[in-house]
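# Coordinate analysis (summary)
Here are the chains, one letter per residue:
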Amino acid sequence: MKQLKVFRSLVKDGFDVVTHGTKNYHLWMGFLTFMMLVGMYCYSIQLSEGLSVTGMTDRVSWGLYISNFTFLVGVAAAAVMLVMPTYVLHDVDFKQAVLIGEGLAVAALIMCLAFVIADMGGPSVLWHMIPGIGVFNFPNSMLTWDVIVLNGYLFLNITIPFYILFRHYQGKEAKSKVYVPGAILSVFWAVGIHLVTAFLYQGLQARPFWNNALLGPRFLASAFAAGPALIILVLAIIRNFTEFKIQDKTLKKIAMVVTVAAQINLIMLISELFKEFYAPTHHSESAYYLFFGLHGKDALLPWIWTAIPLNVLATVLLTFHKLRNNPKILYFSCFILFVAIWVEKGFGLIVPGFIPGPYGKIAEYTPTGIEIGVTIGIWALGAFIFTILARTAIGIELGQLRYRKDK
Amino acid sequence: MSRSNKKWFSLNLGRKQHDNSGSCGCGKTSGGCGSHSNDSEMSEEEFYNAAVDASIGDEREKDGFDQVFDVKMDRRTAFRKLTASLLIGAGAVNTSCNVLSSDESKEKAQIDWEEQFKGNYKLMTDDEKKGTVDRLVRSYQMRTGKTVSMSSKNAEEDVLFGYAFNISKCQGYMDCVSACVKENNQDRNSQMQYIRIHEMKDGEGLKFDEADDNYYHEVPAEGHFYLGTQCFHCDNPPCVEVCPVQATWREDDGLVVVDYDWCVGCRYCMAACPYDGRRFNWSKPEVPEEEVNHNQHYLGNRMRKKGVMEKCTFCVQRSRAGKNPACVEACPTGARIFGNLLDPNSTIRWVLENKKVFRLKEDLGTEPKFWYFMD
Ligand code: SF4
Ligand code: SF4
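Treat the numbers as computed from the prediction; the structure is a model and nothing was measured.

## Thoughts on the overall build of chain B
Looking only at helices and strands, chain B features twelve helices and eleven strands. Within the span of chain B, comprising 375 residues, buried residues form 53% of the whole. Restricting the contact set of chain B to residue pairs at least 6 apart, pairs at least 24 apart contribute 65%. When the accessible area of chain B is evaluated, it comes to approximately 16800 Å², of which 50% is carbon and sulfur surface.

## Observations concerning the overall build of chain A
Of the regular secondary structure elements, chain A holds 13 helices and zero strands. Along the chain direction, N to C, the helices and strands of chain A fall in the order α-α-α-α-α-α-α-α-α-α-α-α-α. Against the 2.2 N^0.38 benchmark of 22 Å for 407 residues, chain A shows a C-alpha radius of gyration of 22 Å, consistent with a compact globule. Counting only C-alpha atoms, chain A reaches 75 × 55 × 45 Å along its principal axes. For chain A, the residues scored as buried account for 58% of the 407 residues in total. Partitioning the intrachain contacts of chain A with sequence separation of at least 6 by distance along the chain shows that 75% fall at a separation of at least 24.

## Topic: the site of ligand 1
In the vicinity of ligand 1 there are 13 residues, among which C231, F232, C234, C239 and C273 of chain B approach most closely. Here the shell around ligand 1 is composed, by residue class, of ten nonpolar, one polar and two charged.

## Here we look at the interface of chain B and chain A
Opposite the 53 residues of chain B that make contact, chain A presents 46 residues. Counting each side, the surface lost to burial between chain B and chain A is near 4200 Å², with a carbon and sulfur contribution of 57%. When the buried area of chain B at its contact with chain A is split by residue, V264, Y268 and W282 of chain B rank highest and sum to 18% of it. Notably, a salt bridge pairs D119 of chain A with R267 of chain B, separated by 2.6 Å at the nearest N-O pair. Listed by contribution, the elements that provide at least two residues to the side of chain B that touches chain A are α2 (64-69), α3 (75-88), β3 (196-201), α8 (238-242), α9 (268-272) and β7 (278-280) of chain B.

## Quick word on the site of ligand 2
Around ligand 2, the neighbouring residues are C243, P244, V245, T248, C263, V264, G265, C266, R267, C269 and M309 of chain B. Looking at side-chain class alone, the shell around ligand 2 contains eight nonpolar, two polar and one charged residues.

## What about the packing of helix α5 (residues 142-169) of chain A against helix α6 (residues 176-202) of chain A?
Residue and element names in this part refer to chain A. Their axes nearest at 9 Å, the elements α5 and α6 cross at an angle of 150°. The orientation of α5 relative to α6 falls into the category roughly antiparallel. Viewed along their axes, α5 and α6 form a crossing whose handedness is left-handed. A class-by-class count of the residues in the contact of α5 with α6 yields 21 nonpolar, four polar and one charged.

## Describing helix α13 (residues 369-397) of chain A
Here α13 of chain A spans 41 Å end to end across 29 residues, near enough to the 42 Å set by a 1.5 Å rise per residue. Just downstream of α13 of chain A, G399 of chain A is the residue with a positive phi angle, here 85°.

## Side note on the nonpolar core
Ranked by size, the top nonpolar core spans 136 residues in total, and within it W62, Y153, Y201 and W210 of chain A together with Y268 of chain B carry the most contacts. Not counting the four nearest positions on each side in its chain, Y153 of chain A is found in contact with A76, A77, A79, V80, A105, L109, S186, W189, A190 and I193 of chain A. Membership of the second largest hydrophobic core comes to 54 residues, among which are V159, C176, A221 and L299 of chain B.

## Notes on helix α7 (residues 215-241) of chain A
An ideal rise of 1.5 Å per residue puts 39 Å on 27 residues; α7 of chain A measures up with 39 Å between its terminal C-alpha atoms. Buried residues dominate α7 of chain A, accounting for 22 of its 27 residues.

## Comments concerning the sheet that holds strand β11 (residues 370-373) of chain B
Residues and elements named next belong to chain B. Spatially, the three strands line up as an open sheet ordered β10-β2-β11, and their pairing is mixed. Across the chains shown, the open sheet's two edge strands, defined by having one partner strand only, are β10 (336-340) and β11. Between one strand axis and the next, the sheet turns by 20° as a mean value, whatever way the strands run. As judged from the five bridges shared by strand β2 (residues 161-166) and β10, these two strands associate in the antiparallel manner. Counted as the bridge partner of F165 is R336 from β10.

## Side note on the pattern of salt bridges
This structure, assessed with the given rule, holds 31 salt bridges over all chains. With its nearest N and O atoms 3.3 Å apart, the salt bridge here joins R59 of chain A to D213 of chain B. Taken together, the positions of R59 of chain A in the loop between α2 (23-49) and α3 (64-88) and D213 of chain B in the loop between β3 and β4 (224-229) put the pair across two chains. Assessed through its relative accessible area of 11%, D213 of chain B is described here as buried. For D248 of chain A, the salt bridge goes to R239 of chain A, with nearest N and O atoms at 2.8 Å. Residue classification places D248 of chain A among the partly exposed residues on the basis of a relative accessible area of 44%. A single salt-bridge network, built from bridges that share partners, covers E114, E115, K118, R135, D259, D261, R302 and K305 of chain B.

## Regarding the pairing of β11 of chain B
Residues and elements named next belong to chain B. Residues F370 and Y372 of β11 are buried on one face, and the alternating residues W371 and F373, pointing to the opposite face, are buried as well. Bridge analysis of β2 against β11 gives four bridges, and the strand direction is parallel. Bridging from a neighbouring strand, Y163 pairs with F370 of β11.

Thresholds, definitions, all that
- Residues numbered from 1 in each chain as written.
- Chains lettered and ligands numbered in written order.
- Predicted model: local features only at pLDDT ≥ 70, side-chain atom pairs only at ≥ 80, totals over all residues.
- Heavy atoms only, no water.
- Helix = DSSP H or I, 4+ residues; strand = E, 2+ residues; numbered from the N terminus.
- Buried < 20%, exposed > 50% of the residue type's maximum accessible area, 1.4 Å probe, protein only.
- Contact = heavy atoms within 4.5 Å.
- Areas by Shrake-Rupley, 256 points an atom, 1.4 Å probe, with all protein chains shown as cover.
- Rg over C-alpha atoms; globule rule 2.2 N^0.38 Å.
- Near = heavy atom within 4 Å.
- Nonpolar A, V, L, I, M, F, W, Y, C, P; charged D, E, K, R; others polar.
- Buried area = accessible area lost by both parts, 1.4 Å probe.
- Salt bridge = Lys/Arg side-chain N within 4 Å of Asp/Glu carboxyl O.
- Axes fitted to C-alpha atoms, helices over the stretch in contact; angles between N-to-C directions.
- Parallel < 35°, antiparallel > 145°, perpendicular 65-115°, else oblique.
- Left-handed = near helix turned anticlockwise from the far one by under 90°.
- Expected span 1.5 Å × (residues − 1).
- Core = buried A, V, L, I, M, F, W, Y, C linked by side-chain atoms within 4.5 Å.
- Pairing = 2+ DSSP bridges.

This is a description of form; function is not addressed.
Here's what the structure looks like:
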C-alpha cells in the first residue's frame, strides 16, 4: 500500500517536472509533438491506402522501416557497454551515465517496436503474434525470437533503473543485491538481442548478401560504436543544459569504448570487402550494386560513399588520444560515426539484400515522403520518451525530486 | 508419404527429416496440427470437458489452437470476451445488440466479429473450416449480391503435386500468365502476376540476370528461348519456417499455401523465398465484379484483402478437384505438365523418369517440386 502511494507521488512529481521547464525545453517538446503528429498523419494515410504509399515493392519488400529497426536494436544494445562496468565492476565513473544509457535503451526499443508495427501489412491482426493467444511459431521463426528478446530487454531496462530511481526517490540506497543480478542478465541479453536480430537476416539462404557468418559480429561491433557515440552526444547535451554533473573521465571512458568498437568494425568491413571483391562470385552482386552500381543502376552510391569516408574519418580521429581528448573533436567524430553507421546499417545493409532480386532483376528502392514522415514521427516519439525519462531521472538523481512523507 | 520413398533425387543437407507417417504435413505426429485423432487422450479429455462444462457451460468450444498447445483453458475464447468487453464501449458490438437495426446488418456484424477473431485455418477442424467458409460466402453474398462457391477441401491421401516445365516448347506467349491472373482473382490495379516468363538469349545458357522478364514485343523473338518461374512449392520451404505466426504452411499434398486471414503482413517469407515466389497486396486488391472467378477455395483464389501475402497455389481450387492448374490448361504449346508425383502412371512421373530434368538453385536445399527439362 505504501509503495503504491510512493509510486503515485512519483508519477505526480515526475509529471510536474516534465511539464515545467525553460522556454527552450518547451520549444523542444512542442517541436517533437508536432513531428509526432505529422508522423501519425502519414501513418493514417498508410493505414487507409495500404503499404503501397511507401516505396516498397514486391522486389524490395523491406525498406526504411526495417532499416531503422535494425539500427535501433543496435543503439538499444549499447546501453550494456555502460551497464557492465557500473553495476558489475563497481566503476563509479559510469554511475550517472548508466541511467541515461538505460533510458536511451528504453526509447530505442520502443522505437524498434513502433517501426516493426509500422512495417506490418495488418496491424489489426497483430494479436496473432501474441504467444498464448495467437500462434507463435517458436522456435522456428527468428522473428518470434526477436519478439521475445526485444520485449524481455525492454522489461529489464525499465525495471532496473526504475528500481534504483524509486529507491533514490525515497532517499534510500538501492540494494545492489537486488539489481546486480538483473544487470548481469541484461548484459547477456543485450548481446542476445543483437545476435538474434542479425540472425533474422543471416538465416536466409535466399539472400547471399545477408547469408554470411560475419553479419552477427559486425552488427555487434557497429552497435557498440554507434550506441555509445550517441550516449556521448546526449551526455554532452545534458551537461550543457542541466546541473547534472558528468565528469570528463566518464566521457573519456565511453569514448574509449566507441574507439575500440569502431576499429573492430572497420577491420570487419575490410574483411567483407576483401571477400566480395578479391574473388567475386555470383553472390557478390549485391555488394557490387551497393558500392559501384550494377547495369547503370546506382541509387545507393551517394549513401554508401558518404558513409564509408565518414566512418573511416571518425575512426581515425578517435584513434589518436590527442584528438579524442579534445571535446569538440570528440563530439564531431561521434556525430559523424553515428550518421555513418545509420546509413551503413540502413541503406547499406537491408536494401542491397534485395538487389539484385532472386533472379538478378534490379529494381531500385527510394522511400516516399509518407514513409519518411512516419520514420521521422517515430524518431520524434523516441526523443520525446527519452526526454521525459531523462528529466525525471536527473531530477531524482539531483535530489530535486524526493518523496515527502507528510504530503 | 515419407522421405525415404521419394522418386526423385533428394539433396539431404542434414535438414530435419519430417516423420510424416501419420499422413500429416505439419511435421508433428503428436496431434499438434489438428489432423490427428487423440484417441488415447480421451479419458483425460472427457474429464476435462466435464470440468469445463461445469464451470463455463456451453459457451466453450474447442478449437485447433487448444490441440496445439494442449492448454487446459480456452484462451482465445477468454481473449474474445475480454476484447468484447473492451469494445462494447466503443460501440463495435452495438450493431449486433441493437434491436432497431435490421437482421441483415446484425448478421453482418456477427460475421465480421467471428471472422476477426477466428483461428488459424491450418489448426482448424473440418467443421471449423466449413464454418469460416460459410461465413465468407455469406458475407460476400451480402456485400455484392452474388454467390460464390468456396471449397475447404483438404488434401487427399497419396497425392503429392509436382510440376514440370519444358524449356524447348515454351514460346513466351504468356497465355499462362493471363489465365493465372483471371483464375486466381489477382489484383488488376498493381498487375500482380504469379508467373514470370524470362526471355533469354540462345547460346548463353541460363543467364537470369540478363534475361528480360517484362517484355512487350512479338514472340517468339528470334534467337531467344523462354523459361517460366512461379512458386515452386518447395518440399523444404524456407518461407514456411520463417513465418512468425504459421500463416503459411505446406499441405499434405505438397502445396504451400497461405491463410490470408491469419497473415500479419510482415513479409519475412518474401525475404526468405529464393525463387521470387511470393506477392504482397500493397494496396486493396481490385477485381472488377464481372471478372471475379466464383469457383473458389479458402486457401486459393478467394478474394484477398490489403496487407497480406499471396502466391501461386497450383490452383488449389482446381487441382484438388482433379483438374489441371489454369496455366497448364492455357498453355498453347504444351510446355507445362502437372500431376501427382505418387502416381506411377502420371505424365509428370514419366517426364521425371525419362527426361533429363533439373531444378533451380538446388544447392539451397529447398527441394522445389518444379522441374525443368528439354526435348
Ligand atoms: S518457391 Fe518460394 S514461396 Fe514457393 S514454397 Fe519455395 S520458398 Fe516458398
Ligand atoms: S507475410 Fe504473412 S505469411 Fe509471410 S511471414 Fe509474414 S505473416 Fe507469414
